[in-house]
Amino acid sequence: MRSYNIAAYISGSGSNLKAVIESSRKGEIASKVVLVIADKEADGLKYPSSLGIDTAVIVRRNLPRREFIDVQLRLFEKHGINLIILAGYLKKIPDEIIEKFRGRILNIHPALLPKFGGKGMHGMNVHKAVLEAGEEFSGPTVHFVDEKYDHGDILLQKKLRIEKGETAESLQKRVLKIEHKIYPEAVKLIEDMK
Ligand code: GRF
């Protein structure tokens, strides 16, 4: 079993990030989140900050492209980052970082990929699309990140049956609850991989 120094990327409330941090604090996973990067002053930065975890807001439009990448690489170097998790990060990770960390970047998506993924498929859009398509099942997916949105190899998926009278809101709630369980599980799988 390996233990990783995790960098997490968020854009929003960071409940998945919180679930991973809590799992690490309980000793369920050996890895630790040591750096959180956001593309704006996201609410989800508060919890890691309160624990003394290093956080950074890095805004693409404020920096030349090379500097935008180098700032992140320098932070990875400083914290010995060897695993990256995207937890509700709405921007694309630059190809240079994907190349450098291939097989070591995970994302969580609130539907059963390869269906209902891709650009624009985030938040409530996903759950509405699932219901409109009349799917029998939905559920979260953890996958490796490659250069295309929601595209890399799937690591872990959990299915739930869509109930009668299900709304996008109820589905989001039920899927999110499972996300909080499977993201730490996915990290554990990576720890146990040779
Ligand atoms: C989750 O539904 C995740 O699957 C998606 O973005 C949402 C993030 O939620 N990628 P939170 O910020 O972790 O609460």
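Scroll up a little and you will see the structure.
Residues numbered from 1 in each chain as written. Predicted model: local features only at pLDDT ≥ 70, side-chain atom pairs only at ≥ 80, totals over all residues. Heavy atoms only, no water.

1. Structural notes on the overall build of the protein
And then number 1: Within the protein one finds 6 helices and 9 strands.
And then number 2: Here the C-alpha atoms of the protein give a radius of gyration of 16 Å, agreeing with the 16 Å that 2.2 N^0.38 yields for 194 residues.
And then number 3: Once the C-alpha set of the protein is aligned to its principal axes, its extents read approximately 50 × 40 × 35 Å.
And then number 4: The 194 residues of the protein split such that 48% are buried.
And then number 5: Taking all contacts inside the protein whose residues are at least 6 apart in sequence as the whole, residues at least 24 apart take part in 68%. (Helix = DSSP H or I, 4+ residues; strand = E, 2+ residues; numbered from the N terminus. Rg over C-alpha atoms; globule rule 2.2 N^0.38 Å. Buried < 20%, exposed > 50% of the residue type's maximum accessible area, 1.4 Å probe, protein only. Contact = heavy atoms within 4.5 Å.)

2. Here we look at the nonpolar core
And then number 1: Residues Val 33, Leu 106, Val 142 and Tyr 183 are the most contacted members of the largest nonpolar core, which totals 38 residues.
And then number 2: For this core, the element with the highest residue contribution is helix α6 (residues 168-192), accounting for 8 residues.
And then number 3: Ignoring anything within four residues of it in the chain, the contact list for Leu 106 reads Ile 84, Ile 85, Leu 86, Val 142, His 143, Phe 144, Val 145, Leu 155, Tyr 183, Ala 186 and Ile 190.
And then number 4: Among the nonpolar cores identified, the runner-up in size contains 21 residues, and Ala 7, Ile 58, Ile 98 and Val 145 belong to it. (Core = buried A, V, L, I, M, F, W, Y, C linked by side-chain atoms within 4.5 Å.)

3. With respect to the site of the ligand
And then number 1: Every residue lining the ligand is accounted for by Ser 13, Gly 14, Ser 15, Asn 16, Gly 88, Ile 108, His 109, Pro 110 and Glu 179.
And then number 2: The backbone of Gly 14 places a nitrogen or oxygen atom 2.8 Å from an oxygen atom of the ligand.
And then number 3: Protein contact buries 80% of the 370 Å² of open area that the ligand shows by itself.
And then number 4: Classifying every residue of the shell around the ligand gives 2 nonpolar, 6 polar and 1 charged. (Near = heavy atom within 4 Å. Polar contact = N/O pair within 3.5 Å; in protein donor to acceptor, adjacent residues only side chain to side chain. Areas by Shrake-Rupley, 256 points an atom, 1.4 Å probe, with all protein chains shown as cover. Nonpolar A, V, L, I, M, F, W, Y, C, P; charged D, E, K, R; others polar.)

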